[in-house]
Amino acid sequence: AVGKNGTCGLIRPPAEEHPMTDLDILLRLTLALLLGGVIGLERRWRGHAAGPHTNALVACGAAIFVVAGQALGGEGAARALSQVATGIGFLAGGVILRDGLRVRGLNTAATVWCVAAIGGLAGMGRLPLAAGATALVVLGNSLFHFMEHQMEKRSPTPDAGEPDRLRREDEERQ
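Described below are features of the structure shown in this document. Just so it is clear, the model here is predicted, and its values are computed rather than measured.

1. Considerations on helix 1 (residues 22-45)
The α-helix advances 3.6 residues per turn, and as a result positions three or four apart in sequence lie on the same side. For helix 1, with 24 residues, the first-to-last C-alpha span of 34 Å sits near the 34 Å given by 1.5 Å per residue. Every buried residue of helix 1 is accounted for by Asp24, Arg28, Leu29, Ala32, Leu35, Gly36, Gly37, Ile39, Gly40, Glu42 and Arg43. Residues of helix 1 that are buried make contact with helix 2 (52-72), helix 4 (106-123) and helix 5 (127-154). A positive backbone phi angle near 80 degrees is found at Gly47, which sits one or two residues after helix 1.

See the structure below:
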């Protein structure tokens, strides 16, 4: 059952009268790891670079920072989440590649950013919300992947071969 503030009955919300136990923290971190892994499995199934290992570690790392921020009290968790978002921006930037005129890795970068946010939710104890967000990311990646491929099949652009021609010219110049 979900309690108020969206927390799960197994995991108490952080409060002075109910300090987090090590078991509470380990459950949050485990869930973050598993949820990130689920998203990573979908990415690997589609042949993308950031698979279950990467996504699981990103989610778990974000949860660790949030739990540590909560231990500081006050606005510690919010500051931790802010820094996680900044750090993930640099990590995600590393998976974006330029291939001639094409830019690759934007979806992987966006997915890693979502995974960090899901890890943050798990770290805060918002377990049902983290699980729901995971389902939405997997659904969104799958649904929009399917829709994009259907659109490409049905409405080829008149200059569809143009990027390939330009890429070959780039390769010949090198």
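2. A word on the packing of helix 2 against helix 4
Helix 4 packs onto helix 2 with a crossing angle of 40 degrees between their chain directions and a minimal axis gap of 7 Å. Comparing the axis directions of helix 2 and helix 4 gives the class oblique. With respect to the hand of their crossing, helix 2 and helix 4 are arranged in right-handed fashion. Residues Asn55, Val58, Ala59, Ala62, Ala63, Val66, Val67 and Gln70 of helix 2 form the contact with helix 4, whose own contacting residues are Thr111, Val112, Val115, Ala116, Gly119, Gly120 and Gly123.

3. Some points on the nonpolar core
One finds Val58, Ile88, Ala116, Ile118 and Ala130 to be the most contacted residues of the largest nonpolar core, which totals 22 residues. At the level of secondary structure, the elements contributing two or more residues to this core comprise helix 1, helix 2, helix 3 (76-93), helix 4 and helix 5. In this view, Val58 contacts Ile88, Leu91, Val112, Val115 and Ala116; residues no more than four positions away in its chain are not counted.

4. What about the pattern of salt bridges?
Per the stated rule, a full pass over the model turns up two salt bridges. The salt bridge partner of Glu42 is Arg43, with a shortest N-O separation of 3.8 Å. Like Arg43, Glu42 is buried. Between Arg46 and Glu42 there is a salt bridge; the shortest N-O distance is 3.2 Å. Residue classification places Arg46 among the partly exposed positions, given a relative accessible area of 25%. Here Glu42 falls in the buried class, since its relative accessible area comes to 6%. One connected set of salt bridges, linked through shared partners, spans Glu42, Arg43 and Arg46.

Cut-offs applied
- Residues numbered from 1 in each chain as written.
- Predicted model: local features only at pLDDT ≥ 70, side-chain atom pairs only at ≥ 80, totals over all residues.
- Heavy atoms only, no water.
- Helix = DSSP H or I, 4+ residues; strand = E, 2+ residues; numbered from the N terminus.
- Expected span 1.5 Å × (residues − 1).
- Buried < 20%, exposed > 50% of the residue type's maximum accessible area, 1.4 Å probe, protein only.
- Contact = heavy atoms within 4.5 Å.
- Axes fitted to C-alpha atoms, helices over the stretch in contact; angles between N-to-C directions.
- Parallel < 35°, antiparallel > 145°, perpendicular 65-115°, else oblique.
- Left-handed = near helix turned anticlockwise from the far one by under 90°.
- Core = buried A, V, L, I, M, F, W, Y, C linked by side-chain atoms within 4.5 Å.
- Salt bridge = Lys/Arg side-chain N within 4 Å of Asp/Glu carboxyl O.

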